[in-house]
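Listed below, chain by chain, are the residues.
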Amino acid sequence: LLLSFDGAILFEDYREPSVASLGPSEREGLLAALDGVLETDAVYRDGRIYIRRSDIGFLMVNMSAAASVAMLRLNCDILLPTLKPTGEPKGMKRFFRK
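The structure contained in this document is the topic of the report that follows. Because the structure is predicted, anything quoted here is derived from the model rather than measured.

Some details on the overall build of the chain
Next, step 1: When you go through the chain residue by residue, the secondary structure sums to three helices and five strands.
Next, step 2: The helix and strand sequence of the chain, counted from the amino end, reads β-β-α-α-β-β-β-α.
Next, step 3: Looking at the 98 residues of the chain, the share that counts as buried comes to 26%.
Next, step 4: For the chain, the accessible area works out to roughly 7,300 Å², and carbon and sulfur atoms hold 56% of it.

Points about the pairing of strand S4 (residues 47-53)
Next, step 1: In terms of burial, S4 is largely enclosed, as five of its seven residues are buried.
Next, step 2: Summarising the sheet, strand S3 (residues 39-44) and S4 pair through six bridges and their orientation is antiparallel. Opposite Glu39, over in S4, you have Arg52 as the bridge partner.
Next, step 3: In this antiparallel pair of consecutive strands, S3 and S4, the connection spans two residues.
Next, step 4: Both S4 and strand S5 (residues 57-63) contribute to a ladder of six bridges, which runs antiparallel. Opposite Ile51, over in S5, you have Met60 as the bridge partner.

Section: the packing of aromatic side chains
Two measures describe an aromatic ring pair: the distance that separates the ring centres and the angle between the ring planes.
Next, step 1: Inspection of every chain in the model, using the stated rule, returns one aromatic pair.
Next, step 2: On the numbers, 5.7 Å between centres and 80° between planes, the contact of Phe5 with Phe58 is edge-to-face. With Phe5 in the loop between strand S1 (2-4) and strand S2 (9-11) and Phe58 in strand S5, this residue pair connects regions lying 53 residues apart in the sequence.
Next, step 3: Assessed through its relative accessible area of 3%, Phe58 is described here as buried.

Focus: a nonpolar patch on the surface
Next, step 1: There is a patch of nonpolar side chains on the surface, built from Met71, Leu74 and Ile78 and spanning about 310 Å² of accessible area.
Next, step 2: Relative accessible area serves as the criterion here: at 46%, Met71 is assigned to the partly exposed category.

Some details on the environment of Leu79
Next, step 1: Tracing the sequence through the fold places Leu79 in helix H3 (residues 69-79).
Next, step 2: For Leu79, a relative accessible area of 37% translates into the label partly exposed.
Next, step 3: On a C-alpha basis, the gap between Leu79 and Ser54 in space is 10.0 Å, while along the polypeptide they are 25 residues apart.

Scoring rules and cut-offs
Every chain is numbered on its own, with residues counted from 1 as its sequence reads. The predicted nature of this model means local features are confined to residues of pLDDT at least 70 and side-chain atom pairs, given and counted, to a pLDDT of 80 or more, with totals for whole chains, interfaces and linings taken over all residues. Only hydrogens and water are set aside; all other atoms, that is, all heavy atoms of the structure, feed into the side-chain values. Secondary structure elements follow DSSP: runs of H or I of four or more residues count as helices, runs of E of two or more count as strands, with numbering from the N terminus. Each residue's exposure class comes from its accessible area (1.4 Å probe, protein chains only) as a fraction of the maximum for that residue type: buried when under 20%, exposed when over 50%, partly exposed otherwise. Where accessible areas are quoted, they stem from the Shrake-Rupley method and a 1.4 Å probe; at the residue level, only the protein chains shown are allowed to cover. By this definition, two strands are paired if DSSP reports at least two bridges between them. Whether two aromatic rings pair depends on their centres lying within 6.5 Å, for rings of Phe, Tyr and Trp, where Trp uses its six-membered ring; planes under 30 degrees apart make the pair stacked, over 60 edge-to-face, and the rest tilted. What goes into a patch is any residue over 30% in relative accessible area without a salt bridge, connected to like charges within 9 Å or, for nonpolar side chains (Val, Leu, Ile, Met, Phe, Trp, Tyr), within 5 Å. Definition used for salt bridges: Asp or Glu carboxyl oxygen within 4 Å of a side-chain nitrogen of Lys or Arg.

The following block contains the structure:
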């Protein structure tokens, strides 16, 4: 689940229906609780939720307790730079492309 800072769902793909049941008021409460948090890992009875702040919002991953958090962090390190908001390059960068 990718949430914007104002609580709008930017992307969602669920295997567990419990995460999909977050309503708008619950999302707002969750985002208020995450104010200032860069990364967190919450463990609960049936698994865990990994939450990480990005430039456009919060990435939330629901996973089993046996999943490798180190591997998830590595994948997030690869994914998050691609989620930056697009904009016009400024200065000399506009002449060079990767």
